[in-house]
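Working through the structure, step by step
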Amino acid sequence: MDDDSHSHRASVSTDETSNDSPESWDDGPSDSSPPGNAGVKIPTTLIGPSSIFQFNVLADPETDVVPKVEELDDNEDLQSIKPLGVETPGEPHATSTAVPVHVPRKRGRPRKHPLPIPGGQVKITKGRSKTGCITCRRRKKKCDETKPACLNCQKNAVVCEGYPPKEIWKSGKQKIEDAARTQAVVCRSLPILIDGIETEMDRKLLDHFVYGFSRVLTLINDDSNPFKEILLPMATQHRGLMHSLMCLSGSHLSGLNPEPGVKERKYYHFHRAIRDLKDNINARSNMVEEEPELLVEDPIIASTIALSLNTICEGETNGEYRPHMDAARYLLVTQKPRNEKFRQFIVEFFQYHDVSNSITSLDRRPAHMDGELRLPDFVPHAAGNFLGVFDGLFRYISQVTRLRDRIRQRFSEGYEPAVDYQILSDAVLIDSSIRTWETSHPPNTPNYYLAQLYRQSTWVYLYRTIRPSRPSDKIAQVVDDGLEFLDLLPQDAGAFSIVLMPLFLLGCSAFVPRQRERIQKGFEALKAYSNLRNIEPAFKVVQRVWEVMDNKTEESWDWEKIIKEMNMDFLIT
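Residues numbered from 1 in each chain as written. Predicted model: local features only at pLDDT ≥ 70, side-chain atom pairs only at ≥ 80, totals over all residues. Heavy atoms only, no water.

1. Some details on helix H6 (residues 226-235)
Operational definition: To sort residues, take the accessible area from a 1.4 Å probe on protein chains only and compare it with the maximum for the residue type: under 20% means buried, over 50% means exposed, and anything in between is partly exposed. Note on conventions: DSSP H or I runs of at least 4 residues are helices, E runs of at least 2 residues are strands, and numbering of each starts at the N terminus. In the analysis that follows, any N or O atom pair within 3.5 Å is treated as a polar contact, provided that within protein one partner can donate a hydrogen and the other can accept it, and provided that, for residues neighboring in sequence, both atoms belong to side chains.
Of all 10 residues in H6, 8 are buried, a share of seventy percent or more. The N-capping residue of H6, defined by a side-chain oxygen 2.9 Å from the backbone nitrogen of Phe-227, is Asn-225.

Take a look at the structure:
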């Protein structure tokens, strides 16, 4: 026990002073120390203001040990103290405790990021941000997250694709509740606002009808266009008429846009228009005995007119227009339209197409413009929607058509001359009427130039009817004058909508090659304006007439017969 105590006491001394020195320790207990405790006596002469003391208290279960207070020198190299448990080679094993100190770090490049202190707070490194714009994340660049477009993309001259939508985190329970709520919702579709406008494509057809197609049907391009002012509001109350107008718009649009969806809706509206037209006529026919005035409605008449126009848009040449024109004629003759404004428009429309139809066919003759088809005595817009109808010019065209029938009949029966004195007398009266005819349109306007073009072509029609079919200075001069008026028309003028008929008559009278070049340019300009597909077959007929002029001049006047030999039957309106 004495030996262990002695060795233990020797191991805790860190200076060169002996433990047996009387200056450090007192062998006996102090009078001021309490009994049973180890007394510590510290000399006052050894205590300095900067002295460091270390107290090692050694407990012995059997004997009282007096602790020793040791003074540590400030300049002493503390690195000589070895940490606990570290043995130095050549030294005996030490079992005493020691204060832990810093171990010298190995030589080399200093750490950029020092190791964390044991037991201290560890710095958490942030992960890569996921809130940047789509462009920066794809380019793996740091985004400044400026909205709506980040400045980093603008600085690098790239298009910022914006930011992905924020996803709200939901627990599994919330997701299940949302799924159950979605399945519980009953889908209810809204009813159709206007019958006939059912799909997105139908809305496109409606826009095309209002803003594009309606302008190529009459002289009027503004909001007073009767197809927009009269027919379209009427179609919102009548499904069959709406189908007819949408079919008409689809036929015109399909020539500009060959999209399959356009053709699909065009055929759909056509079949629905035909079916509704038949159902309406049959339903009204069954009510004749009880209420005769309910035979037809105004929208039914308008549907027949719209379907006849559809043949023009499609460029059909097999007489597909005939049943629609015949139905319109029957309805107009048997029953007067109730709406007076609609009646004025529909009668004028029918007479324009009816008279023009007689120019290109042998068996289609215009109806009398008296009786039920007589135009009103007073019309607010005297010029009308189609030039030549209200002001009487088309009446002269009808009279010339009848002269052609009489001449053709006399020629087929072998009478010589085919143009007798009675035909010449009637022709002189018509010539006098054409010379004195004046238009109601103001001078130096597109419609005025169009009226003069119609006047020239009407006189050409008369001349080609009663005069031999051969070149002459008279016919060449009139054709040149007509082409001059055609050149005065602006390319975007509404007058181009009804130029086909006079252009056809001038073309069938162009004996001079230089005139034929101008006629061809006129057909091309007309097609570019209206995109109606009956323009191309009309020009083919004119070209065939030119071939007959060059080979068999005497037969070139009868272009109605030439059209029949070509197996073609169409409207030139």
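Structure's up, so let's keep going.
2. Here's the deal with the packing of aromatic side chains
Here is the rule we go by: For Phe, Tyr and Trp, where Trp contributes only its six-membered ring, two rings pair if their centres lie within 6.5 Å, and the inter-plane angle classes them as stacked under 30 degrees, edge-to-face over 60, or tilted in between. Remark: a charge is flagged as sitting over a ring if the NZ atom of Lys or the CZ atom of Arg is within 6 Å of the ring centre and within 35 degrees of the ring normal.
Applying the stated rule across the entire model yields 13 aromatic pairs. A centroid spacing of 6.3 Å and a plane angle of 50° characterise the contact between Phe-209 and Phe-213, whose relative ring orientation is tilted. Accessibility expressed as a relative area gives 0% for Phe-209, which makes it buried. Seen from their ring centres, Phe-227 and Phe-345 are 5.4 Å apart, and the 85° between their planes marks the pair as edge-to-face. Of this pair, Phe-227 sits in helix H6 while Phe-345 sits in helix H11 (residues 340-359); the two residues are 118 residues apart in sequence, bridging distant segments of the chain. Through a chain of ring-to-ring contacts, three or more aromatic side chains come together here, namely Phe-227, Phe-345 and Phe-349. Residue placement shows Arg-404 over the ring face of Trp-559; its charged tip is 4.4 Å from the ring centre.

3. Observations regarding the nonpolar core
Under the convention used in this document: Nonpolar core, defined: a set of buried Ala, Val, Leu, Ile, Met, Phe, Trp, Tyr and Cys residues in which side-chain atoms within 4.5 Å join the residues together. Whether two residues are in contact is decided by their heavy atoms: any pair within 4.5 Å suffices.
Counting 118 residues, the largest nonpolar core has Leu-245, Ile-359, Leu-450, Tyr-454, Val-499, Phe-504 and Phe-523 as its most contacted members. It is helix H14 (residues 446-466) that contributes the most residues to this core, 10 residues altogether. Among all residues touching Leu-245, those that are not within four sequence positions of it are Phe-209, Leu-231, Leu-232, Ala-235 and Ala-306.

4. Observations regarding the packing of helix H9 (residues 298-314) against H11
The test is simple: Between N-to-C directions, angles span 0 to 180 degrees; the directions come from axes that are lines fitted to C-alpha atoms, helices contributing only their stretch in contact. For classification purposes, an angle smaller than 35 degrees is called roughly parallel, one larger than 145 roughly antiparallel, one from 65 to 115 roughly perpendicular, and anything else oblique. For a crossing to be left-handed, the near helix must be turned anticlockwise from the far one by less than a right angle; the clockwise case is right-handed. Here the term charged refers only to Asp, Glu, Lys and Arg, the term nonpolar to Ala, Val, Leu, Ile, Met, Phe, Trp, Tyr, Cys and Pro, and the term polar to all other amino acids, Gly among them.
Here H9 crosses H11 at 30°, and the two axes come no closer than 11 Å. Considered as vectors, H9 and H11 are oriented roughly parallel to each other. Classified by chirality, the crossing of H11 by H9 is left-handed. Only Phe-342, Ile-346, Phe-349 and His-353 of H11 make contact with H9, whose side of the interface consists of Asp-298, Ile-301, Ala-302, Ile-305, Leu-309 and Ile-312. For the contact of H9 with H11, the per-class residue count stands at 8 nonpolar, 1 polar and 1 charged.

5. Here we look at unusual backbone geometry
Phi is mostly negative for residues that are not glycine, and the peptide bonds are mostly trans. Of note, the bond from Lys-147 into Pro-148 is cis; its omega dihedral lies within 30 degrees of zero at 5°. With respect to the element layout, Pro-148 can be found in the loop between helix H2 (134-139) and helix H3 (151-155). The linkage connecting Glu-416 with the following residue, Pro-417, adopts the cis geometry, with an omega of -5°. For Pro-417, the location among the structural elements is in the loop between helix H12 (393-413) and helix H13 (421-436). You will see that Asn-444, though not glycine, has its phi angle at about 60°, which is positive. You will see that Asn-531, though not glycine, has its phi angle at about 60°, which is positive.

6. Describing the confidence of the model for the protein chain
So the rule is basically this: On a scale of 0 to 100, pLDDT captures the predictor's confidence in every residue.
Confidence along the protein chain averages 78 in pLDDT terms, with 72% of residues attaining 70 or more. Here helix H1 (residues 2-11) stands out as the element of the protein chain with the lowest mean pLDDT, 45, in contrast to helix H16 (residues 500-507), whose mean of 95 is the highest. Taken as a whole, residues 72-78 scores under 50 in pLDDT and shows 6 contacts with residues more than four places along the chain or in a different chain. Per-residue pLDDT stays below 50 along residues 376-383; that stretch engages in 13 contacts with residues further than four places along the chain or on separate chains.

7. Points about the pattern of salt bridges
The criterion, for reference: The term salt bridge refers to a pairing of a side-chain nitrogen on Lys or Arg with a carboxyl oxygen on Asp or Glu at a separation within 4 Å.
Per the counting criterion, the structure on display carries 27 salt bridges. Where Glu-161 meets Arg-138, a salt bridge forms, and the shortest distance between an N and an O atom there is 2.5 Å. Here Glu-161 is found in the loop between H3 and helix H4 (172-184), whereas its partner Arg-138 is found in helix H2, with 23 residues between them in sequence. On the basis of relative accessible area, Glu-161 is assigned to the partly exposed category, the value being 42%. For Arg-138, a relative accessible area of 52% corresponds to the exposed category. The salt bridge partner of Arg-408 is Glu-560, with a shortest N-O separation of 3.4 Å. On the criterion of sequence distance, the pair formed by Arg-408 in helix H12 and Glu-560 in helix H19 (residues 559-565) is long-range, its members being 152 residues apart. Grouping residues by exposure puts Arg-408 and Glu-560 together as buried.

8. Digging into the packing of H9 against helix H10 (residues 322-334)
It is at 8 Å that the axes of H9 and H10 come closest, and there the two elements cross at 155°. It follows from the interaxial angle that H9 and H10 lie roughly antiparallel. Classified by chirality, the crossing of H10 by H9 is left-handed. Residues Ile-300, Ile-301, Thr-304, Ile-305, Leu-307 and Ser-308 of H9 touch H10, and the partners they reach there are His-324, Met-325, Ala-327, Ala-328, Leu-331 and Leu-332. Looking at the contact of H9 with H10 residue by residue, the class counts come to 9 nonpolar, 3 polar and no charged.

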